[in-house]
Amino acid sequence: MSSDLDVFVGNTTLIDEEVYRLWLDGHSVAEAVARRLRGGVLEREGTSVAVLQSDTRDHYRTFQMLERLLHAPPRLLQQLLFQIPPERQALLVQRYYAFDEALARELLGKKLSKGTKKELDEVSARTGVGIRSCRRQFDNFKRVFKAVEELRGPLAENIQQLFLLPPPLARDYAAIVFFANSRFETGKRRLQFLSFADFAACAQSMMGHWSQGALAPEAAEPDGDLPKSFLQDLKELKVLVTDKDLLDQHKSLVCSALRGKISVYNELEANFKALSRALVNVGGKLTHARDVRDFFVDLVEKVIEPCRSDKWSPGDLRLFLTHYTAAPRNLPGFRHQVLWERYMAAITACLLRMYHD
């Protein structure tokens, strides 16, 4: 009686993408085996349950050893123990740091602390994301935050370099860091219609127009905090609503430009002063921490909801904000045009992103 045995020897670390996904999702070996069985792996591979169990355990051991390297992705590129092709290394990193937007939405604006981590059981129940996966993703958020909070320069670029993430994912992490720094309120009921993607787009616009890097690139200061000097300067813009002549002229210019061009002209003319005060005062209050926290609440309560009540279309709002921002160029005596346009660029981007059902 004889047996034939084929042997193949190699040093490339094999990565099964399906098993990696199951590991990232927080499934135990037994749960992963059960899911692979339901997926028909035995029929496809012509193997046995015992071999499948052994294969799954072996992959899990590999992932657990790789995890310490994934905490600092450049180390994964430099190590020699695991021979993994570059494209596979990129896949491992990208999927390890990918996150569920429902989870990120729940944590947005909260302090990345032990106290928040203790709430993850409840977050897991609300979002449907497994608790082990919740903890891994939370730890990733906190790790990135700690790594870049004191670094100078653009947040997204720093994150991309330190964690080797693709640009879109690095920008999303930058938004998470930005919200964790400024602690914006995102959990109130009137904000629940806004998704993580909405808030991330707003964060990118605010960093792009209001951060130290945007205001003075040569300073190369961290972008995670809004510069206090800029926020203090925004008080100067209140002259547009406290000076009656400027307010009347501003209204006249905007209304003249929009007459016959928007469907809510009558509502605009009747409510212009209240709307202008709301837009200007949101910025004028940002020197106080509590008002910074309520930034998005104020935009919804004082701008978006009144516009919805008057049945403004997104096109109406876009056209209004364009002319509203441009009109002060023609106001005699208004000396803060650059500051005004920088302020309104981010406000406009936020409002247009947020103005949906």
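Worth saying up front: this structure is predicted, and the values here are computed from it rather than measured.

Q: I keep staring at the overall build of the protein and nothing clicks. Help me out?
A: Check the secondary structure of the protein and you find 22 helices and 0 strands. Over its C-alpha trace the protein gives a radius of gyration of 26 Å, far above what one expects of a compact globule, namely 21 Å for 357 residues. Overall size of the protein, expressed as C-alpha extent along the three principal axes, is 105 × 45 × 35 Å. For the protein, the proportion of its 357 residues judged to be buried stands at 45%. Counting contacts in the protein only where the partners sit at least 6 residues apart, residues at least 24 apart contribute 70% of the total. Accessible surface, the protein: about 18200 Å² in total, of which carbon and sulfur atoms supply 49%. Here the protein contributes 50 positively and 46 negatively charged side chains, and the mean placements of these two sets differ by 4 Å.

Q: For this particular structure, what's the right way to read the domain arrangement of the protein?
A: By a widely used convention, the size of an interface equals the accessible area lost when the partners come together. You can read the domains of the protein as domain 1 (17-84), domain 2 (101-219) and domain 3 (228-354). For domain 1 versus domain 2, the separation of C-alpha centres amounts to 28 Å. Taken residue by residue, the interface counts 9 residues in domain 1 and 7 residues in domain 2. For the pairing of domain 1 and domain 2, the buried interface totals around 740 Å² over both sides, and the portion due to carbon and sulfur atoms is 58%. Considering only the side of domain 1, the residues that lose the most area to domain 2 are L24, H71 and P73, jointly responsible for 50% of the buried surface there. At the junction of domain 1 with domain 2, the criterion picks out 0 salt bridges. The interface formed by domain 1 and domain 2 contains 3 residue pairs in polar contact (both at pLDDT 80 or more). By residue number, the principal contributor to the side of domain 1 that touches domain 2 is helix α5 (residues 73-78), which donates 3 residues. A breakdown of the residues in the side of domain 1 that touches domain 2 according to their chemical character gives 4 nonpolar, 4 polar and 1 charged.

Q: Hey, could you run me through empty space enclosed by the protein in this one?
A: To locate leftover empty space, one rolls a probe as large as a water molecule over the atoms. Evaluated as defined, the whole model comprises 1 cavity of 30 Å³ or more. In this structure, the largest cavity spans a volume of roughly 50 Å³. Together, A104, L107, L108, G109, K110, L112, F141, I176 and A180 line the largest cavity. Only α7 (101-107) and α12 (167-182) provide two or more residues apiece to the lining of the largest cavity. Residue classes in the lining of the largest cavity are distributed as 7 nonpolar, 1 polar and 1 charged.

Q: Where do I start with the packing of helix α17 (residues 244-258) against helix α21 (residues 314-326) in this structure?
A: Each pair of packed helices can be described by the angle between their axes along with the distance between the axes. Here α17 crosses α21 at 135 degrees, and the two axes come no closer than 9 Å. Viewed along their axes, α17 and α21 adopt a mutual orientation that is oblique. At the point where α17 passes α21, the crossing takes the right-handed sense. For the pair α17 and α21, contact is made by H250, V254, A257 and L258 and by L319, F320, H323 and Y324, respectively. Across the contact of α17 with α21, the residue classes break down as 6 nonpolar, 2 polar and no charged.

Definitions and cut-offs
- Residues numbered from 1 in each chain as written.
- Predicted model: local features only at pLDDT ≥ 70, side-chain atom pairs only at ≥ 80, totals over all residues.
- Heavy atoms only, no water.
- Helix = DSSP H or I, 4+ residues; strand = E, 2+ residues; numbered from the N terminus.
- Rg over C-alpha atoms; globule rule 2.2 N^0.38 Å.
- Buried < 20%, exposed > 50% of the residue type's maximum accessible area, 1.4 Å probe, protein only.
- Contact = heavy atoms within 4.5 Å.
- Areas by Shrake-Rupley, 256 points an atom, 1.4 Å probe, with all protein chains shown as cover.
- Lys, Arg positive; Asp, Glu negative; His and termini not counted.
- Charge placed at Lys NZ, Arg CZ, Asp CG, Glu CD.
- Domains from an automatic or database assignment.
- Buried area = accessible area lost by both parts, 1.4 Å probe.
- Salt bridge = Lys/Arg side-chain N within 4 Å of Asp/Glu carboxyl O.
- Polar contact = N/O pair within 3.5 Å; in protein donor to acceptor, adjacent residues only side chain to side chain.
- Nonpolar A, V, L, I, M, F, W, Y, C, P; charged D, E, K, R; others polar.
- 1 Å grid on protein atoms, 1.4 Å probe; cavity = no way out; pocket = protein on both sides within 12 Å on 5 of 7 lines; lining within 4 Å.
- Points joined across faces, edges and corners; volume = space filled by probe spheres on them.
- Axes fitted to C-alpha atoms, helices over the stretch in contact; angles between N-to-C directions.
- Parallel < 35°, antiparallel > 145°, perpendicular 65-115°, else oblique.
- Left-handed = near helix turned anticlockwise from the far one by under 90°.

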